[in-house]
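# Observations on the three-dimensional arrangement
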Amino acid sequence: MVPVRDRSGTPYEVTLELQCDGRSFGAVGECCGYFLAALARRVADARLEGSPEARAWPDEADRFPEPPAPAAPGAPGEYRLVSREPELFTFRCRERADTAGTGELRCTLRTSCTWLSGPDHRGGEWRRSRRAVVEAWGTDGHGVRAVLTSAELADFLAALVVEARRVGADYRDVLASSPVSARHAPSGAIIDC
C-alpha cells in the first residue's frame, strides 16, 4: 500500500504497489482504497444468510455480490456486450504512456457447472459453483492467478482494508455496520480532501 496524501501530508487514500517474489509488478489502482472497502462490505453482505445471494447460491463459498449491470445502450439499436465473466474490479497503471496490460490487478467471477450422476448413473443434476479469479499482470507481461471462494476473497479484501488503515487511510464510514468492521479496530486517521 502506498498512501495518497493531501496538501498537509495526511494520508486519505491508497494506491496498490504489486510485487511477486520480490519483483515489482507496478503500481495500480490510484486512489482505490474506498472502492476496495466498499467491495469488502458488499462481499461480507452477500455471504450473510438471508441475502439475495444466499437464496441464489446455497453454498456459502459461491456467494459473491452481483457486479453492476452494464449501462443501457446509448442509441437505438446499439448493443453492449455482456461478459460471461463479470468483473468485480480492475485496476491498472495510470501513466500516460501505459499500454493495455501494463501493471494490472483484476478480479472476475467465473461460474462453472459439473454434472453429478444419480444412483446407478440414472438421472442426475447440474451443480453450479462460482469462484473469484484474481489476476495480477506485471509490466513485463508476466502474471499470476488465484482462484478464491467468497470467504477467501472476503479475507483478501479485509487484509487490504487493514493494510490501508495501517498506512493511514481509514474507511470506517464505508464499513459501518458491516461484519468486516467488527473484526478490525479503526486507526483514527483524518480524511481531509
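Here, every reference points to the structure presented above.
Residues numbered from 1 in each chain as written. Predicted model: local features only at pLDDT ≥ 70, side-chain atom pairs only at ≥ 80, totals over all residues. Heavy atoms only, no water.

### Overview of the overall build of the protein
In terms of helices and strands, the protein carries 4 helices and 7 strands. When the helices and strands of the protein are listed from N to C terminus, the series reads β-β-β-α-α-β-β-β-β-α-α. The buried share of the protein, reckoned over its 193 residues, is 38%. Taking contacts inside the protein between residues at least 6 apart in sequence as the whole, the part at least 24 apart equals 48%. Entry remark: accessible area of the protein is about 11,500 Å², with carbon and sulfur atoms responsible for 53%. (Helix = DSSP H or I, 4+ residues; strand = E, 2+ residues; numbered from the N terminus. Buried < 20%, exposed > 50% of the residue type's maximum accessible area, 1.4 Å probe, protein only. Contact = heavy atoms within 4.5 Å. Areas by Shrake-Rupley, 256 points an atom, 1.4 Å probe, with all protein chains shown as cover.)

### Let's talk about unusual backbone geometry
Backbone geometry places aspartate 21, a non-glycine residue, at a positive phi of 55°. On the secondary structure map, aspartate 21 appears in the loop between β2 (11-20) and β3 (23-28). Its identity is not glycine, yet cysteine 31 carries a phi of approximately 55°, on the positive side. With respect to the helices, strands and loops of the structure, cysteine 31 is situated in the loop between β3 and α1 (33-47). The class of cysteine 31 is partly exposed, set by a relative accessible area of 32%.

### Let's talk about the packing of aromatic side chains
For the structure on display, the rule yields 3 aromatic pairs. Measuring from ring centre to ring centre gives 5.9 Å for phenylalanine 35 and phenylalanine 91, while their planes differ by 90°; the resulting arrangement is edge-to-face. In this pair, phenylalanine 35 sits in helix α1 while phenylalanine 91 sits in strand β4 (residues 87-92), placing the two residues 56 residues apart along the sequence. The class for phenylalanine 91 is buried, based on a relative accessible area of 8%. With 5.2 Å between their ring centres and 70° between their planes, tryptophan 115 and tryptophan 126 make a pair best called edge-to-face. Here tryptophan 115, found in strand β5 (residues 104-117), pairs with tryptophan 126, found in strand β6 (residues 124-137); they are 11 residues apart in sequence, far enough to count as distant. Taking relative accessible area as the criterion, tryptophan 115 reaches 41% and is therefore assigned partly exposed. (Phe/Tyr/Trp six-rings, centres within 6.5 Å; stacked < 30°, edge-to-face > 60°.)

### Here we look at the sheet that holds β6
Strand pairing in a sheet takes place through backbone hydrogen bonds and is either antiparallel or parallel in direction. Strand order across the open sheet formed by 4 strands is β4-β5-β6-β7, with antiparallel pairing between neighbours. With partners counted over all chains shown, the strands left at the sheet margins are β4 and β7 (143-148), one partner each. With direction set aside, neighbouring strand axes in the sheet form an average angle of 30°. Sheet strands in contact with helix α3 (residues 150-166) are β4, β5, β6 and β7, and its direction is about 120° off that of β7. (Pairing = 2+ DSSP bridges. Axes fitted to C-alpha atoms, helices over the stretch in contact; angles between N-to-C directions.)

### Here's the deal with the packing of α1 against α3
Packing of α1 against α3 brings their axes to within 9 Å, and their N-to-C directions diverge by 150°. Taken together, α1 and α3 sit at an angle that is classed as roughly antiparallel. Crossing hand, α1 versus α3: left-handed. The residues of α3 that touch α1, namely those facing Leu36, Ala37, Leu39, Ala40, Val43 and Arg47, are Ser150, Ala151, Leu153, Ala154, Leu157, Leu160 and Val161. Residues of the contact of α1 with α3, tallied by class, amount to 11 nonpolar, 1 polar and 1 charged. (Parallel < 35°, antiparallel > 145°, perpendicular 65-115°, else oblique. Left-handed = near helix turned anticlockwise from the far one by under 90°. Nonpolar A, V, L, I, M, F, W, Y, C, P; charged D, E, K, R; others polar.)

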